[in-house]
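Examination of the molecular architecture
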Amino acid sequence: MLTSETIHNFFRFLGIWRVWSDTEKYHSIFGTMELPVVFMALLVMCSSEAYAQSAPSPSSLTPTPAPAPAPEFVNLTDLLSVAGPFHTFLGYLESTKVIETFQDQANTTEEGITIFVPRDSAFKALKNPSLSNLTADQLKSMFLFHALPHYYSLADFKNLSDMSPVATMAGGQFTLNFTDVSGTAHLTSGWSDTKVSSSVHSTDPVAVYQVDKVLLPEAIFGTDIPPTAAPAPSPDIAPAADAPKAADSDSSPGSSPDKSSSYRIMSWGQLVLAISGGLVLFL
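No experiment lies behind these values; they were computed from the predicted model shown.

Here we take up the nonpolar core. One finds Phe102, Ile115, Phe116, Met142 and Phe178 to be the most contacted residues of the largest nonpolar core, which totals 51 residues. Looking at which element gives the most residues to this core, the answer is strand β7 (residues 206-211), with five residues. Leaving out residues up to four positions away in the same chain, Met142 has contacts with Leu131, Leu134, Val214, Leu215, Leu216, Pro217, Ile220 and Phe221.

Right, let's get into the pairing of β7. Buried residues dominate β7, accounting for six of its six residues. Here β7 shows two buried faces, one formed by Val206, Val208 and Gln210 and the other by Ala207, Tyr209 and Val211. Across six bridges, the pairing between strand β1 (residues 113-118) and β7 is parallel. In the sheet register, Ile115 faces β7, and the bridge partner there is Val208. With six bridges joining them, strand β6 (residues 193-203) and β7 adopt antiparallel strand pairing.

Note on placement: Leu134 falls in the loop between α8 (120-124) and α9 (136-144). Here Leu134 falls in the buried class, since its relative accessible area comes to 16%. The spacing of Leu134 and Phe221 is 87 residues in sequence and 9.5 Å in space, taken between C-alpha atoms. Sequence-distant contacts of Leu134, defined by excluding residues within four places in its chain, comprise Leu139, Met142, Ile220 and Phe221.

To continue, consider the packing of aromatic side chains. As enumerated under the stated definition, the model contains 11 aromatic pairs in all. Summarising the aromatic geometry, the rings of Tyr92 and Phe143 are spaced 4.7 Å apart at their centres and angled 20° between planes, so their arrangement reads as stacked. Here Phe143 lies in helix α9 and Tyr92 lies in helix α6 (residues 87-95), a separation of 51 residues in the sequence. Residue Phe143 is classed as buried on the basis of its relative accessible area of 0%. An angle of 45° between the planes, with centres 5.9 Å apart, marks the rings of Phe116 and Phe178 as tilted. Linking Phe116 in strand β1 with Phe178 in strand β4 (residues 175-181), this pair joins segments that are 62 residues apart in sequence. The exposure class of Phe178 is buried, given its relative accessible area of 2%. Three or more aromatic residues joined by ring pairs make a cluster, and in this case those are Phe89, Tyr92, Phe123 and Phe143.

Contact pair α6 / helix α7 (residues 98-108): the axes reach a minimum separation of 5 Å and the direction vectors enclose 90°. When the axis of α6 is compared with that of α7, the two are roughly perpendicular. On α7, the residues touching Leu90, Leu93 and Glu94 of α6 are Val98, Ile99 and Phe102. By residue class, the composition of the contact of α6 with α7 is five nonpolar, no polar and one charged.

Most of β1 sits out of view: six of its six residues are buried. The side-chain alternation of β1 yields two buried faces, one formed by Ile113, Ile115 and Val117 and the other by Thr114, Phe116 and Pro118. With two bridges connecting them, β1 and strand β2 (residues 147-148) associate as antiparallel partners. Among the inter-strand pairings, Ile115 is bridged to a residue of β2, identified as Ala147.

Conventions we followed
Residues numbered from 1 in each chain as written. Predicted model: local features only at pLDDT ≥ 70, side-chain atom pairs only at ≥ 80, totals over all residues. Heavy atoms only, no water. Core = buried A, V, L, I, M, F, W, Y, C linked by side-chain atoms within 4.5 Å. Buried < 20%, exposed > 50% of the residue type's maximum accessible area, 1.4 Å probe, protein only. Helix = DSSP H or I, 4+ residues; strand = E, 2+ residues; numbered from the N terminus. Contact = heavy atoms within 4.5 Å. Pairing = 2+ DSSP bridges. Phe/Tyr/Trp six-rings, centres within 6.5 Å; stacked < 30°, edge-to-face > 60°. Axes fitted to C-alpha atoms, helices over the stretch in contact; angles between N-to-C directions. Parallel < 35°, antiparallel > 145°, perpendicular 65-115°, else oblique. Nonpolar A, V, L, I, M, F, W, Y, C, P; charged D, E, K, R; others polar.

Okay, structure coming up:
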């Protein structure tokens, strides 16, 4: 059975003797209660007071900021399938596995990607050099050469002209030079000189721009670049023949009467001889 001395020692152990020492206050409240009930009531009150002192103030809590939304996933295969047409370019990306490299760069890095995509007509116009002579590694490097390992909007190309040459995803010596001509981005690789003709997709982290030509790197095709064929000259049109002079036209009719007159004289002479021969026979 609990005694007052036991409770007294318990509260001294808890270091809250001041609660028990105020005997008049607690006697007036719990005087009519049994000792165990008094003990439990005091224990609850002391626990509440201790919790109130140790609980952190609501004002001291700092709200955790919401995480930034993840960038939108862009499926490059789907994008290139419906635009363009870019079927030839997409076919090379898939056969060389470059499409997987582009996809990882687009959606698993903070840098993003910028891709320059030639239309199917650009590949048809490509006669020299031929892509059929390239090795598998060269072909892969050539199509990695069509992308930059960073997202660039159209407005950023003006700054790229000051940073040229710019490294591509092929790395090493596979660089592109950029120039800004009246707000239009021009790209040159030595073999290729083209421009960005339209924006296919431009939302961070993926930018896809259409170009007019296939980009051919010097690191593969060398620096012995054939001169650009001059445009064929327009055919010379021979001037129309001068009309015959009036004097010539006059002389031709003048000569024909002389010939016809001599012909008529010969005909009359033959006729006279024939008649004369007939008369001689009758006589």
